[in-house]
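Report on the structure
The residues making up each chain are set out below.
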Amino acid sequence: MRKWLIGIAVAVVIGFVAVELGSTFQDSQQREIVRSVQATDFTLPTLDNKEQSLSEARGKVVILNFWASWCEPCKTEMPHFQTYYEQHQNDVEILAVNFTKKDQITQVKKFIEQHELTFPILLDDIGETSVMYGAFALPTTIIIDREGKIVHEILGSLDEALLDEYIEPLL
């Protein structure tokens, strides 16, 4: 009888934890965090063995996106980023930082070809930049204004309407 009661208690606790984790995960989808601090500069390699720094985009609104080729929400949002980039590249720079520490270059290249991406793809092979920006869930998008200040942090995938909502006021 006692083992039966312990089993029920454990099941209730596990159920409660599962519900809370599910709720937390659901809440994290499209949750925005606002810091309004100066973005820390970084330099990362690109797929073509060049280097690109965040500071090179100063004067434009920057969409700093952390992603991986195996991330399903990343696959959903990338076509939206490409369309947005094609329409706004004079005022907006997209820096797509691949979490290369947990990805494979061959898969990254395949992903870029498949989605016909033309904006800069940066490789965070040791994960330092992702950690520096707190990108612990993928995708994470950081919106940086023309002066280099972080104005929005979004967890979860974005579409063109949401990009407009976040970026239009900054243009």
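Parameters and conventions
- Counting starts from 1 at the beginning of each chain's written sequence and moves along it residue by residue.
- For a predicted model such as this one, the threshold for reporting local features is a pLDDT of at least 70, and the threshold for listing and counting side-chain atom pairs is 80 or more; totals across whole chains, interfaces and linings nevertheless cover every residue.
- Derived side-chain values reflect all non-hydrogen atoms in the structure, with water molecules and hydrogen atoms excluded from consideration.
- Numbering of helices and strands runs from the N terminus, with a helix taken as a DSSP run of H or I at least four residues long and a strand as a DSSP run of E at least two residues long.
- A simple rule labels every residue: compare its accessible area, found with a 1.4 Å probe on the protein chains alone, to the largest value its type can have, and call it buried under 20%, exposed over 50%, or partly exposed in between.
- In this description, the arc belongs to the directions extending from the helix axis to the C-beta atoms.
- The definition of a polar contact used here is a pair of N or O atoms within 3.5 Å, where within protein one atom must be able to donate a hydrogen and the other to accept one, and adjacent residues in sequence count solely through side-chain atom pairs.
- The term disulfide is used for any two cysteine sulfur atoms that are within 2.5 Å.
- Any two strands with at least two DSSP bridges between them are considered paired.

A separate point is unusual backbone geometry. Here the amide bond leading from Leu 138 into Pro 139 is cis, since omega sits at -5°, within 30 degrees of zero. Among the structural elements, Pro 139 can be located in the loop between helix H4 (128-132) and strand S7 (140-144). The phi dihedral of Asn 49 is positive, around 60°, even though this residue is not glycine. Checked against the element boundaries, Asn 49 lands in the loop between strand S2 (43-45) and strand S3 (51-53). Non-glycine residue Glu 116 carries a positive phi angle of around 50°. Locating Glu 116 in the fold gives a position in the loop between helix H3 (105-115) and strand S6 (121-123).

Buried within helix H5 (residues 160-167) we find Leu 163, Tyr 166 and Ile 167. Buried residues in H5, looked at end-on, bunch into an arc of 85°, giving them a common side. For H5, exposure combined with an orientation more than 90 degrees from the buried face picks out Ala 161 and Glu 165. In this structure Asp 159 caps H5, since a side-chain oxygen of it lies 3.2 Å from the backbone nitrogen of Ala 161.

This model, assessed by the stated rule, comprises one disulfide. Each disulfide pairs two cysteine sulfurs, and for Cys 71 the partner residue is Cys 74, the sulfurs being separated by 2.4 Å. Torsion about the S-S bond of the Cys 71 and Cys 74 cystine: about 75°, corresponding to right-handed handedness. A single burial state applies to Cys 71 and to Cys 74, both of which are buried.

Take the pairing of strand S8 (residues 150-155) next. S8 sits mainly inside the fold: six of its six residues count as buried. Sheet analysis places S7 next to S8, joined by five bridges and oriented antiparallel. Within the sheet, the bridge partner assigned to Ile 142 lies in S8 and is Glu 153. Counting the residues between successive antiparallel strands, the hairpin from S7 to S8 contains five residues, one of them, Gly 148, with a positive phi of roughly 90°.

These results come straight from atomic positions and should not be treated as a statement about function.
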